[in-house]
Amino acid sequence: MSDQLPKPPQSRRSAGSHPSTAVLTRGYDPHLSVGSARPAVFRSSTYVFSSPESAERAFEIVTGRDIPAPGETPELIYSRFNHPNAEILEDQIVPLEEGSEWAVVFNSGMAAIMTALMARLAPGDAIVHTVPLYGGTQHLLHRLLEPWGVVCRPVVAGRGQELDDAIRSTPRLKFVLIETPANPTMVMTDIRRAALAAAQVDPRPVVMVDNTFLGPAFQHPMIFGADLVVYSATKYLGGFSDLLAGVVLGADPDLERAIRAHRGLFGNILQPDECWILDGRLPTVSLRMNRQSKNAQRIAESLVRRPEVRKVFYPTLFDDPEQIRVRLAQTDYPGAMIALDLHGGKPAAFEFLRSLKLAHNAVSLGGMETLVCHPKTTTHSGNSPDELAIAGITDGLVRISVGVEDWRDLLRDFEQALDTIHPLATS
Ligand SMILES: Cc1ncc(COP(=O)(O)O)c(C=O)c1O
């Protein structure tokens, strides 16, 4: 296999600052907000044109009939297409995702995924995707896009050769969609290998990576050849379980134009207030994720020894040499998501959830507080029995999103919950 990947776009670091600096300094001009050191919120639904000619030009660009000339900034039109808080957020988020040149923000992660896919798909086209996927994404592909005529071909995460073969042999392949680590089993997929396989297909499919679990702190898919990176920004980017948002980042200007045009039609842009809140969370995302990942690693390593736990799913605890290689090649730290397969199946899993005193039984992830859920009956309950079996989502599986609390308190909480289920898990 040739090792020729398209050259990653120039790193933002060459612009003279590191991501933690650029996220605070790029894309915001205080003079446009009466000198305010932090952005104002612009709630207007519509914008006054400086002339009818400017209005005509702005519409030519927003509808995709023309592209801006170098240095040209089209005027704002209407907030379903664009607004200042989205522009500021989009500019400020780019430095966090190495290799990206642009970002487009949405009102949820699902909106981001759906809009990116619809920007390129037509009935008869195909998607190759890893499994497991977040339950909503799985549902979107197999219950909505398939009946609409899109072929969605699953490949079990971590099976590199099978993914290569599916990429090479699927007719009209438009997308390779990878979620790594996979929700909820944490199995990792080699992004570089998938991008190399995609590069051998003509026309080349878009390689899109859902980077919600490890990005933007610990994994940068575009430097391994991905074309699009997608986030549920509801999770680590938002960080406080108090907003819904999604982001797509990329470098190809044609993809950006297509995604923006679809967002304008679907009307799923992130609202100004949410953009403003999310923008304020960006400078701390690495700080929060570092703390959460350190907490999770200590907890995961301790829980391995418990007799009630059949298996701990956590990137540094996989002993498969291929998983170890992928982790070392493409991730900086293992992140803060853990899954436990408990002995005793669903009764043990439910009793474990009921017994928690500090951690909450809730779906979602990436917030400051620790959340635990039972994927089979919640986030992944829309999967068919076959899909669950293929993905490895068992009755005894619980998923933990580790927060920023003191890890020793959390560990004590998990240990007392495991003590409670001991009779169920060992009978
Ligand atoms: C990996 C992953 N991708 C996408 C989504 C969807 O994001 P949202 O709930 O913001 O629409 C989720 C939600 O849990 C997720 O875990």
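A. Up close: the packing of aromatic side chains. Taken as a whole and assessed by the stated rule, the structure comprises five aromatic pairs. Judged by centre distance (6.1 Å) and plane angle (65 degrees), the rings of Tyr78 and Phe81 are edge-to-face. Both rings, one in Phe218 and one in Tyr333, keep their centres 5.4 Å apart while their planes meet at 65 degrees; by these two values the pair is edge-to-face. Of the two residues, Phe218 is situated in the loop between strand E5 (206–210) and strand E6 (228–232) and Tyr333 in the loop between helix H11 (321–330) and strand E9 (337–342); the sequence distance between them amounts to 115 residues.

B. Spatial organisation of the site of the ligand. Surveying the vicinity of the ligand reveals 14 residues, the closest of which are Met110, Asp210, Ser232, Thr234 and Lys235. One nitrogen or oxygen atom from the main chain of Gly109 is found 2.8 Å from an oxygen atom belonging to the ligand. Here an oxygen atom of the ligand sits 3.1 Å away from a polar atom, N or O, in the side chain of Asn183. Relative to its free-state accessible area of 390 Å², the ligand is covered by the protein chains to the extent of 92%. Looking at the shell around the ligand, the element that brings in the most residues is helix H4 (residues 109–118), giving three residues. Split into classes, the residues belonging to the shell around the ligand amount to five nonpolar, six polar and three charged.

C. Inspection of the domain arrangement of the protein at higher detail. For the protein, the assigned domains read domain 1 (12–284) and domain 2 (286–426). For domain 1 versus domain 2, the separation of C-alpha centres amounts to 28 Å. Taken together, the contact between domain 1 and domain 2 spans 43 residues of the former and 46 residues of the latter. Together domain 1 and domain 2 conceal approximately 3500 Å² of surface at their shared face, both sides included; 59% is due to carbon and sulfur atoms. Considering only the side of domain 1, the residues that lose the most area to domain 2 are Met188, Phe218 and Tyr236, jointly responsible for 24% of the buried surface there.

D. Structural detail: the nonpolar core. If you look at the biggest cluster of nonpolar residues, it comprises 69 residues, and the most contacted ones within it are Ile338, Leu340, Phe352 and Phe414. Sorting elements by how many residues they give to this core places helix H14 (residues 407–426) first, with seven residues. Not counting residues within four places of it along the chain, the set of residues in contact with Phe414 comprises Ile299, Leu303, Phe352, Leu356, Ala359, Thr370, Val372 and Ile400. Counting residues in each nonpolar core, the second largest holds 29 residues, with Ala112, Met114, Leu133 and Val230 among its members.

E. Main features of the pattern of salt bridges. One pass over the structure, following the stated rule, counts 25 salt bridges. In this structure, Glu60 engages Arg57 in a salt bridge whose closest nitrogen and oxygen atoms are separated by 2.9 Å. Residue Glu60 and its partner Arg57 are both found in helix H2 (residues 52–62); the two are separated by three residues, about one turn of the helix. With a relative accessible area of 21%, Arg57 lands in the partly exposed category. Note that Lys376 and Asp395 form a salt bridge whose closest N and O atoms lie 2.9 Å from each other. Pair noted here: Lys376 is in the loop between strand E11 (371–373) and helix H13 (385–391) and Asp395 is in the loop between H13 and strand E12 (397–401), with a separation of 19 residues, a long-range link. Exposure remark for Asp395: the relative accessible area of 36% places this residue in the partly exposed category. What emerges from the salt-bridge pattern is a single network uniting Arg57, Glu60, Asp66 and Glu72.

F. Just the environment of Val201, in detail. Within the secondary structure layout, Val201 lies in the loop between helix H7 (191–199) and E5. What makes Val201 buried here is its relative accessible area of 18%. For the pair Val201 and Thr170, spaced 31 residues apart in sequence, the C-alpha separation works out to 9.7 Å. When sequence neighbours within four positions are dropped, the list of residues in contact with Val201 reads Ile167 and Arg168.

G. Quick look at unusual backbone geometry. Residue Pro184 is reached from Asn183 by a cis peptide bond, and omega for that bond is 10 degrees. Within the element layout of this structure, Pro184 appears in the loop between strand E4 (173–179) and H7. With an omega dihedral of 0 degrees, the bond running from Asp202 to Pro203 counts as a cis peptide bond. Positive phi, normally seen in glycine, also occurs at Ser241, with a value near 50 degrees. With phi around 75 degrees, Ser364 is a residue other than glycine that occupies positive phi space. The topology assignment puts Ser364 in the loop between strand E10 (360–361) and E11.

H. Structural context of the sheet that holds strand E2 (residues 126–131). Spatial strand order, E1-E7-E6-E5-E4-E2-E3: seven strands in an open sheet with mixed pairing. Two strands close off the open sheet at either side, each with one partner strand: strand E1 (102–106) and strand E3 (151–156). Strand-to-strand twist of the sheet, defined as the mean angle between neighbouring strand axes without regard to direction, takes the value 20 degrees. Bridging between E6 and strand E7 (residues 246–250) involves five bridges; their strand directions are antiparallel. Paired with Val230 across the strands is Val248, a residue of E7. On the sheet, H4 packs against E1, E2, E4, E5, E6 and E7 and is oriented at approximately 155 degrees with respect to E6.

I. Focus on the packing of helix H10 (residues 285–303) against H14. For the pair H10 and H14, the least separation of the axes is 9 Å and the interaxial angle reads 30 degrees. Considering the angle they form, H10 stands roughly parallel to H14. By crossing handedness, the relation of H10 to H14 is classed as right-handed. Residues Asn295, Arg298, Ile299, Ser302 and Leu303 of H10 lie in contact with H14, whose contacting residues are Trp407, Leu410, Leu411, Phe414 and Leu418. Class assignment of the residues belonging to the contact of H10 with H14 gives a composition of seven nonpolar, two polar and one charged.

J. Spatial organisation of the sheet that holds E9. Here five strands make up an open sheet; going across it, the order is E8-E9-E12-E11-E10 and the pairing mixed. Every interior strand has two partners, whereas the edge strands, strand E8 (309–313) and E10, have only one. Docked against the sheet, H10 engages E8 and E9, running at close to 15 degrees with respect to E9.

About the criteria used
- Residues numbered from 1 in each chain as written.
- Predicted model: local features only at pLDDT ≥ 70, side-chain atom pairs only at ≥ 80, totals over all residues.
- Heavy atoms only, no water.
- Phe/Tyr/Trp six-rings, centres within 6.5 Å; stacked < 30°, edge-to-face > 60°.
- Helix = DSSP H or I, 4+ residues; strand = E, 2+ residues; numbered from the N terminus.
- Near = heavy atom within 4 Å.
- Polar contact = N/O pair within 3.5 Å; in protein donor to acceptor, adjacent residues only side chain to side chain.
- Areas by Shrake-Rupley, 256 points an atom, 1.4 Å probe, with all protein chains shown as cover.
- Nonpolar A, V, L, I, M, F, W, Y, C, P; charged D, E, K, R; others polar.
- Domains from an automatic or database assignment.
- Contact = heavy atoms within 4.5 Å.
- Buried area = accessible area lost by both parts, 1.4 Å probe.
- Core = buried A, V, L, I, M, F, W, Y, C linked by side-chain atoms within 4.5 Å.
- Buried < 20%, exposed > 50% of the residue type's maximum accessible area, 1.4 Å probe, protein only.
- Salt bridge = Lys/Arg side-chain N within 4 Å of Asp/Glu carboxyl O.
- Pairing = 2+ DSSP bridges.
- Axes fitted to C-alpha atoms, helices over the stretch in contact; angles between N-to-C directions.
- Parallel < 35°, antiparallel > 145°, perpendicular 65-115°, else oblique.
- Left-handed = near helix turned anticlockwise from the far one by under 90°.

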